Amino acid sequence: MDSNSPAAAAAAVDSISDDLKNQTLDNNGGDNLGHDRVNNGGNNDNLRQIRAKLKLEELKWDHSFVRELPGDPRTDTIPREVLHSCYTKVSPSAQVDDPQLVAWSDSVGELLDLDPKEFERPDFPLIFSGASLLAGAMPYAQCYGGHQFGMWAGQLGDGRAITLGEVLNSKSQRWELQLKGAGRTPYSRFADGLAVLRSSIREFLCSEAIHSLGIPTTRALCLVTTGKYVTRDMFYDGNPKDEPGAIVCRVAQSFLRFGSYQLHASRGKEDLALVRSLADYAIRHHFPHLENLSKSDTLSFSIGEGDASVVDLTSNKYAAWVVEVAERTASLVAKWQGVGFTHGVLNTDNMSVLGLTIDYGPFGFLDAFDPHFTPNTTDLPGRRYCFANQPDIGLWNIAQFATTLSAAQLINDKEAEYAMERYGTKFMDEYQAIMTKKLGLPKYNKVLISELLKNMAVDKVDYTNFFRLLSNIKADPTIQEDELLIPLKAVLLDIGKERKDAWTSWVKSYIQELSASGVSDEERKTSMDSVNPKYILRNYLCQSAIDAAEQGDFEEVCRVLKVMSRPYDEQPGMEKYARLPPAWAYRPGVCMLSCSS
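Note on numbering: residues in each chain are counted from 1, in written sequence order. This being a predicted model, a pLDDT of at least 70 is required before a residue's local features are given, and a value of 80 or more before pairs of side-chain atoms are given or counted; all residues contribute to the totals for chains, interfaces and linings. Side-chain calculation: all heavy atoms of the structure are included, whereas hydrogens and water are not.

Once that is clear, we can look at the pattern of salt bridges. Salt bridges are counted wherever a side-chain nitrogen of Lys or Arg sits within 4 Å of a carboxyl oxygen of Asp or Glu. Applying the stated rule across the entire model yields 36 salt bridges. The shortest N-O distance in the salt bridge between Arg67 and Asp62 comes to 2.9 Å. Note on exposure labels: buried denotes an accessible area under 20% of the residue type's maximum, exposed denotes more than 50%, and partly exposed covers the range between, all computed with a 1.4 Å probe on protein chains only. Note on Asp62: relative accessible area 15%, which makes it buried. Between Arg250 and Glu203 there is a salt bridge, with the nearest N and O atoms lying 2.9 Å from each other. Here the residue Arg250 occupies a position in strand S9 (residues 241-252), and Glu203 occupies one in helix H5 (residues 197-212), the gap between them amounting to 47 residues. For the purposes of this entry, the term helix denotes a DSSP run of H or I that reaches at least four residues, the term strand denotes a run of E that reaches at least two, and both are numbered from the N terminus.

By the element assignment, Ser64 lies in helix H2 (residues 64-68). Among the residues examined, Ser64 registers a relative accessible area of 0% and is labelled buried. For the purposes of these results, a polar contact is taken to be a pair of N or O atoms within 3.5 Å, where, inside protein, one atom must be able to donate a hydrogen and its partner to accept one; residues adjacent in sequence count only when each atom of the pair is a side-chain atom. Within the local environment of Ser64, its side chain forms a polar contact with the side chain of Arg174, the two groups lying 3.3 Å apart. Excluding anything up to four places from it in sequence, Ser64 contacts Leu69, Glu166, Arg174, Tyr281 and His285. The contact definition used throughout considers only heavy atoms, calling two residues in contact when any of these lie within 4.5 Å.

Further remarks concern empty space enclosed by the protein. A cavity, in this analysis, means grid points on a 1 Å lattice covering only the protein atoms where a 1.4 Å probe fits yet has no way out; a pocket is instead an open set bounded by protein on both sides within 12 Å along at least five of seven lines, and a residue lines either one if it has an atom within 4 Å of a point. Grid points are joined across faces, edges and corners, and a volume is the space filled by probe spheres set on the points. For the structure shown, the criterion picks out three cavities of 30 Å³ or more. If you trace the second largest cavity, you find it lined by Thr329, Leu332, Trp336, His343, Asn350, Met351, Ser352, Gly355, Leu356, Thr357 and Ile358. Classes in brief: Ala, Val, Leu, Ile, Met, Phe, Trp, Tyr, Cys and Pro nonpolar; Asp, Glu, Lys and Arg charged; the others, Gly included, polar. Of the residues that constitute the lining of the second largest cavity, the class distribution is five nonpolar, six polar and no charged.

Further remarks concern the packing of aromatic side chains. Note on ring pairs: Phe, Tyr and Trp rings are taken, using the six-membered ring of Trp, and paired if centres are within 6.5 Å. Classes follow the plane angle, with under 30 degrees stacked, over 60 edge-to-face and the rest tilted. Applying the stated criterion across every chain, the model contains 27 aromatic pairs. An angle of 20° between the planes, with centres 5.6 Å apart, marks the rings of Trp104 and Phe119 as stacked. Here Trp104, found in strand S2 (residues 100-104), pairs with Phe119, found in the loop between helix H3 (106-111) and helix H4 (124-127); they are 15 residues apart in sequence, far enough to count as distant. The class of Trp104 is partly exposed, set by a relative accessible area of 35%. Clustering of aromatic rings is evident, with ring pairs tying together Phe369, Phe387, Tyr463, Phe466, Phe467, Trp503, Trp506 and Tyr510. Two conditions define a charge sitting above a ring: the NZ of Lys or the CZ of Arg must be within 6 Å of the ring centre, and it must be within 35 degrees of the ring normal. The lysine or arginine in question, Arg202, covers the ring of Phe363, its NZ or CZ lying 4.1 Å from the ring centre.

Dropping the structure here:
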C-alpha cells in the first residue's frame with residue numbers, strides 16, 4: 001500500500017484506535033498546512049487588552065446568518081420537516097418563575113466587551129432565560145441533520161437551542177449567543193425543548209473547563225434556573241421525576257456542524273445549492289484566509305503518481321476548506337486524547353466545522369485508565385464512541401463531510417481523499433507531540449509509551465494523577481531500585497510484586513531516556529506540569545455541585561468553576577478537587593450518564 005494514500009492514512013488512525021484498546025501506539029508523521037489554529041478566543045487571559053465595557057443594550061449585533069442565508073417562511077414551532085431553509089425564526093418560550101442566576105463566566109463576558117456589572121442586573125436572569133428578549137436579538141433555530149451512531153437520522157436541528165444572534169466585539173470577532181433549553185422549535189419533534197439544572201451545570205462547567213485546558217470549545221456565558229420543574233426519565237427506566245429547569249447561554253464563533261451541510265445534500269439536487277451557500281458563508285466569515293489563495297501559497301500536494309494525482313488547494317477554496325476542517329478536527333481529537341476526555345456522542349450533528357468541542361451531553365474524563373471507557377449508557381453495547389475509538393470516529397465523520405461536499409460538486413474525489421489523508425497525518429503528528437510532552441521526553445518513543453499505557457490499563461491507574469506525578473521522577477540512573485516507585489506510590493495502589501517489577505522496569509527505561517536529554521529535573525517538571533493538568537472536571541465533582549444546586553446552594557458550582565479555570569496550577573487549599581473519585585461516585589447516574597437532559 002502506498003504510504004501516502006488516503007487508505008494508508010485511514011489505516012494509521014484505525015491503528016491508533018486498535019492499539020489504544022491493546023495499550024499500544026502506532027507511529028506516523030506529517031506536516032500541517034501552516035495555518036494558525038484559533039482556540040476559540042485563545043487562552044491568553046493574562047494578555048487581555050483594555051476594552052470598552054458595554055451594557056447589554058449596547059452590544060453590537062450583526063445577524064449575518066439570518067441576513068445571508070435562506071430561512072423558513074413559517075415561524076411557528078409545530079414539529080415538521082423544514083425544507084429549503086437553513087433556519088427558522090422562533091422566540092424563546094420556556095416558562096419562568098423568578099429565574100435565578102446560578103453562575104457566569106467573566107472571561108466570556110470579556111469576549112463580548114460586557115461590563116462585569118451587567119451580571120448584577122436584576123433583570124439579567126429574565127433576559128438569559130428568554131423571558132425578556134435581549135435588545136437587538138433576532139432569535140432563530142438552525143436546521144441540520146446528521147448521522148447518529150453511524151446511521152443517517154435525517155432532519156434533527158436545534159430542538160431546544162435558540163440562537164439570539166451574533167455580537168461583534170471591539171476586535172471585530174464574531175460571537176454567536178445561544179440559549180439552550182429555551183423552549184420548543186420546529187425541530188423539537190416530540191420533546192419539550194427544555195433542559196434541566198443537572199445537565200445545564202455539566203455543560204456550563206465543562207465548556208469552561210475544556211477552554212481552560214487549552215482545547216477549542218464552545219463557551220458558556222451564564223447559567224440561570226427557570227424556577228419551573230421539568231419532567232425527565234434520567235435512566236430511561238419508566239420512572240420519570242421532576243427536576244429544576246435551567247438554561248445555559250452558549251457562546252461560539254459559529255454553531256455550524258457537519259450536519260448543517262449533510263441535511264441539504266441528502267435532499268437531492270434542489271437543495272445542493274444550499275450546501276454551496278453555507279460553505280461560502282463559513283469561508284467568508286470564519287475562514288477568510290481561504291478566499292484569495294494564490295499560487296505563491298504552494299498548497300499543491302501529490303497523493304499518488306502522475307499529474308492527475310496532484311491536489312492544488314489554491315485552485316479550489318472548498319478543497320482548502322475541507323482540508324482545514326479535517327486538520328482542525330484531528331487536532332481537536334488529539335487534544336482530547338491528551339487529557340483523557342471522552343465526548344460520548346460523536347454524531348456528525350455534534351461535530352463543529354470550526355473544530356470546536358460542541359454539545360456536552362454524556363461526557364467524561366478518564367479516571368482509572370480504560371481505553372474502552374464510554375460515558376454514554378446508550379453507547380454501552382458497541383462502545384462506538386469510547387475513548388480509544390475517538391480518533392477513528394473523527395475520520396469517519398470527516399469522510400461523511402467530504403462526501404457531502406462532493407455531492408454538491410464543490411470538491412472532487414481526489415480532494416476528498418486528500419482531506420482524509422490530512423486528518424490521519426495531522427492526528428498522528430499532534431498525538432505524538434502531545435504524548436512526548438506529557439512524558440517530558442526529548443523525542444517520541446513508541447515502545448516506551450506503549451508499555452506505559454499497557455501498564456496503566458492493567459493496574460487501572462488514574463490517568464490525570466499519574467501524569468501529574470510523573471514529573472516528580474528524577475533523571476538519576478543511580479536511584480536505588482526499591483526507591484524508584486516512591487514518586488508514583490499515590491497512584492500505584494494495591495499492586496503485587498509482579499506488577500511492581502513491571503513498573504520498576506518501565507521507570508528504569510524512562511529514567512534512561514530522560515537522562516539522555518540533558519534537561520534538568522526542574523525544567524522538565526515545569527514543562528510537564530504545564531501540559532498535565534492537576535484538576536479535571538471529574539463527574540463526581542459535577543455531581544457534588546449539582547446536588548448542592550438542586551437544594552438552592554450555587555456556591556459549589558462557582559468553586560468548581562474557579563478551580564477548573566486554572567487546571568495546571570497547584571492551587572494550595574484546593575487539593576481535594578484533584579482526589580480520586582469516592583465510592584459513591586460509581587453509583588448509576590454519576591459516572592455513567594444517559595442523554596436525558
